[in-house]
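Reading the structure
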Amino acid sequence: MMMKIINIVGARPQFIKYFPVSRAIASANKNVSNGIKDVLVHTGQHYDYAMSKVFFDEFGIGEPDYHLNVGSGTHGIQTGQIVQRVEEVLQKESSDAVIVYGDTNSTLGGALAATKMHIPVAHVEAGLRSFNRYMPEEINRILTDHVSSLLLCPSRTAVNNLGKEGFNNILNDGELISRDGMKMNIDVNNPVVINVGDVMFDVVLHAVEIADRKSNIIEKLGLKGKDYCLLTLHRAENTDCKKAFENIVDFLNDTIGNRECIFPMHPRAKRIYYDIDRKLRSNVSIIEPLGYFDLLKALKNSSIVFTDSGGLQKEAYWMKVPCVTLRIETEWIETVKSGWNVLYKNYTGSHVLSGRESCYGDGKTAERIIDIFTTW
Ligand code: UD1
């Protein structure tokens, strides 16, 4: 019988993370008669073209099998509706496993609905911790990890975090798992922690050459040959509090100086920006959110990136662009240890670079994940 996996996505970074997994499923299916049926559920947490559909178009992901149209709302409303509507899908589709990604309300809602129906949950990007429970993402991560059966970690640090929370079934001593010899039973009562690497690294390796070829963002924004900065800002802890947002604006105005800067503005930041007293300097150009290939190309050609996005911190690291993280802590501590990423409170105007280790896998994370299912 064909195995059926339900992939649950809903927010911008999840469309990107799902892409290599869907590609790995399609490729595994080529060699066998009874492969994996890949069912895609879009919760509808993100719904603007620039926050959602553009990624489906760019990566050639087909229409989701289910679109749940949850939309925006308070955490209770949004998460509650996701649980309810995912449950309805799971009642219709008898699936062998559910895959959830990252740390959004769609991650938690999907994981909760599945686990209550005794369907094993695989959590891609398990084990990340900021140790800051004021972040909604931290709550989502902790709860999702503790109801998952397969905890698919992007790094050794993530494995260690789970070890400290009592998970003791850790494969390969927490080192990156090899692609053979992974046969295991997936048992909801015995969660397994596996270092598979980071799916985002798979995506960057795939997309960087396409971005170079396809994107004309540099010409479009008139950035050719310019020493420019890239800025993104969307975390609730920065954008839901005027004082926090103003502090960051002050920091950016001091630090960016007269350099050209482009700021693809997330809807959450837009909501507060026009309401605060401080304004960014006129050399900061506020533009609409970018698609993935445009963003990657804009990043690759920039001299420095200022961001509170987790994905961008790592993409900057992989593309050798110095990063200043606009948060008080980060989960991606390897990028900070290497000197390529600095928390903004510690930034003194330059980066002190040290060794750059490859700490997030080898670009074959999605294949590893699908190996686990095909040998199950
Ligand atoms: C969510 C995730 C965050 C992730 C981010 C990526 C949670 C708790 N947070 O935050 O971890 O980094 O996605 O972007 O799940 N809005 C639009 N158009 C859209 C979507 C949202 O205008 O397509 C506006 C709405 O006003 C909404 C606000 O943006 O209230 C925030 O949307 P929300 O669903 O809360 O998610 P993000 O802030 O994007």
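Sequence order as written defines the numbering, with residues in each chain counted from 1. Residue-level local features of this predicted model are given only where pLDDT is at least 70; pairs of side-chain atoms are given and counted only at 80 or more, and the full residue set underlies all totals for whole chains, interfaces and linings. The side-chain figures draw on all heavy atoms in the structure; neither hydrogens nor water molecules are used.

**Re helix α3 (residues 75-92)**
- Counting from the N terminus, the helices are DSSP H or I runs at least four residues long and the strands are E runs at least two residues long. Here the expected span of a helix is defined as 1.5 Å times the quantity of residues minus one. Over its 18 residues, α3 runs 26 Å from end to end, which matches the ideal 26 Å to within 8%, given 1.5 Å per residue.
- Burial classification: accessible surface area is computed with a 1.4 Å probe over protein chains only, and a residue below 20% of its type maximum counts as buried, one above 50% as exposed, and the rest as partly exposed. Those residues of α3 not exposed but buried are Q78, T79, I82, V86, V89 and L90. Axial view of α3: buried residues confined to an arc of 95 degrees, hence all on one face. In α3, those exposed residues whose orientation departs by more than 90 degrees from the buried face are G76, Q91 and K92. Think of the arc as the fan of directions from the helix axis to the C-beta atoms.

**Brief notes about the state of the cysteines**
- Count a disulfide wherever a pair of cysteine sulfur atoms falls within 2.5 Å. Applying the stated criterion across every chain yields a total of zero disulfides.
- C229 supplies the cysteine sulfur nearest to C261, a cysteine that is in no disulfide, at a spacing of 4.9 Å.

**What to know about the domain arrangement of the protein chain**
- Each domain span listed reflects an automatic or database assignment of domains. The domain boundaries assigned to the protein chain delineate domain 1 (3-198 + 361-374) and domain 2 (205-346).
- Relative placement of domain 1 and domain 2: their C-alpha centres are 26 Å apart.
- Between domain 1 and domain 2, the contact holds 27 residues from the first and 21 residues from the second.
- A simple way to read buried area is as the amount of 1.4 Å-probe accessible surface that goes missing from two parts once joined, with both sides added. Of the roughly 1900 Å² buried between domain 1 and domain 2, counting both surfaces, carbon and sulfur atoms make up 60%. In this description, contact between two residues means that some pair of their heavy atoms is separated by no more than 4.5 Å.

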